[in-house]
Amino acid sequence: MRVLVTGASGFLGRYALEALHGLGIETAVLGRKRPLHAPFTEFIEADCLASPDFAALVRRAAGTHLLHLAWYAEHGRFWTSPQNLSWVEATTRLVEAFCEAGGEGVVMAGTCAEYDWSHGYCREDSTPLDPATLYGTAKDAARRLAMAVCAQQQVPCAWGRVFLPYGAGEDDRRLVPSLIAALRGQRPPFGVDATAFRDFLHASDVAEAFITLLRSGAEGAYNISSAEPTRLGGLVEVLAGLLNADPQAILALAPNQPKGVPLLVGDNRKLRELGWRPSLSLVQGLGETLQKDRP
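Residues numbered from 1 in each chain as written. Predicted model: local features only at pLDDT ≥ 70, side-chain atom pairs only at ≥ 80, totals over all residues. Heavy atoms only, no water.

1. A few points about the overall build of the chain
When helices and strands are tallied, the chain shows ten helices and 13 strands. Radius of gyration (C-alpha) of the chain: 19 Å, near the 19 Å computed for a compact globule of 295 residues. Its C-alpha atoms give the chain principal-axis dimensions of about 55 × 40 × 35 Å. The burial tally for the chain puts 51% of its 295 residues in the buried class. At a minimum sequence separation of 6, the contacts of the chain that also span at least 24 residues come to 76%. As displayed, the chain offers around 13,400 Å² of accessible surface, 50% of which is attributable to carbon and sulfur atoms. Positive and negative charge centroids in the chain, built from 28 and 32 side chains respectively, lie 3 Å apart. (Helix = DSSP H or I, 4+ residues; strand = E, 2+ residues; numbered from the N terminus. Rg over C-alpha atoms; globule rule 2.2 N^0.38 Å. Buried < 20%, exposed > 50% of the residue type's maximum accessible area, 1.4 Å probe, protein only. Contact = heavy atoms within 4.5 Å. Areas by Shrake-Rupley, 256 points an atom, 1.4 Å probe, with all protein chains shown as cover. Lys, Arg positive; Asp, Glu negative; His and termini not counted. Charge placed at Lys NZ, Arg CZ, Asp CG, Glu CD.)

2. Describing the sheet that holds strand β13 (residues 263–266)
Pairing in this open sheet of four strands is mixed, and the strands run β6-β13-β9-β12 from one edge to the other. The sheet is open, and its two borders are formed by β6 (121–122) and β12 (230–231), each paired with just one other strand. Across two bridges, strand β9 (residues 197–198) lies against β13 in parallel orientation. Considered in β13, the bridge of Arg-198 is made with Leu-264. (Pairing = 2+ DSSP bridges.)

3. Concerning the packing of helix α2 (residues 54–61) against helix α3 (residues 83–100)
Here α2 crosses α3 at 55°, and the two axes come no closer than 9 Å. Considered as vectors, α2 and α3 are oriented oblique to each other. By crossing handedness, the relation of α2 to α3 is classed as right-handed. Every residue of α3 that contacts α2 at Phe-54, Ala-55 and Val-58 is listed here: Ala-90, Arg-93, Leu-94, Ala-97 and Phe-98. Across the contact of α2 with α3, the residue classes tally to seven nonpolar, no polar and one charged. (Axes fitted to C-alpha atoms, helices over the stretch in contact; angles between N-to-C directions. Parallel < 35°, antiparallel > 145°, perpendicular 65-115°, else oblique. Left-handed = near helix turned anticlockwise from the far one by under 90°. Nonpolar A, V, L, I, M, F, W, Y, C, P; charged D, E, K, R; others polar.)

4. Let's talk about the nonpolar core
Counting residues in hydrophobic clusters, the biggest one holds 36 residues, and the most contacted among them are Leu-30, Trp-71, Val-95 and Val-106. For this core, the secondary-structure elements that each account for two or more residues are β2 (26–31), α2, α3, β5 (105–111), α4 (134–153) and β7 (157–162). The biggest single contributor to this core is α3, with eight residues. If we skip the residues at most four places from it in the chain, Val-106 touches Leu-66, Val-95, Phe-98, Cys-150, Val-155, Pro-156, Cys-157 and Ala-158. Ala-8, Phe-11, Ala-168 and Leu-271 belong to the second-largest nonpolar core, a separate cluster that totals 34 residues. (Core = buried A, V, L, I, M, F, W, Y, C linked by side-chain atoms within 4.5 Å.)

5. Examining the environment of Asn-268
Mapped onto the elements, Asn-268 comes out in the loop between β13 and α9 (269–272). Given the relative accessible area of 3%, Asn-268 is considered buried. When the C-alpha atoms of Asn-268 and Ser-226 are compared, they prove to be 6.9 Å apart, with 42 residues separating the residues in sequence. Of note is the side chain of Asn-268, whose polar atom sits 2.9 Å from the backbone oxygen of Ser-225. Within polar-contact distance, the side chain of Asn-268 engages the backbone oxygen of Ser-226 at 3.3 Å. (Polar contact = N/O pair within 3.5 Å; in protein donor to acceptor, adjacent residues only side chain to side chain.)

Rendered as structure tokens:
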């Protein structure tokens, strides 16, 4: 197996490369900049949104499998950015070129934002897909098009719907690092919807899930989730305990944003049937994050 990876410089991409290297799997990276953390990976410089010759690029990479993680992900802006539309086209063209070059398997990163969140507990084969954002709609469109291309070329294609990843290296503006900074006194405290439940999964377990999909030749959609609802108030309490901080500095405040859905959790039984299991509990994952992200 030799895996062509896109999005390797991103948050999840870094963990995926590390996991692939740990298993001794050959990789080639396609992107605008070489990942600093993967010096032994073959790097192919290209901007996927600049209409490159994908056929030539995938031939050069000589990958047997494609792990497509690249997408526009600037915090706060990705929900509504028109770049989502550009990534739908780029994803479809890349997958088409990869399949025509003799690729043996495709795995791509989707999102829980494809689901209708009003259902709370999300199952791949029964929860309606009704995205509330341009981002979720574009991801769902990319899935449909890429899977149609793969079906036509008879290439296995798996789509991993990622729920709420966290870990060292995450954007400082996201929830977990923002809470850590507030509890450390590095930024003003802010309120959260303490009664809401969410599904958090450490980025290393997300990476292992993608590799499971690659190695198994899986097809179809799979939730990449912990399947364990975590109350946001409980998340604050765990972090405060690990940091010897007072959780009430946050829990005593009103939420800084309008309340969202009370529950968002993904059923991960399909992924578990392939042999994947999370290796880190929430407490373990947060502890590891704090160790690696020491101030």
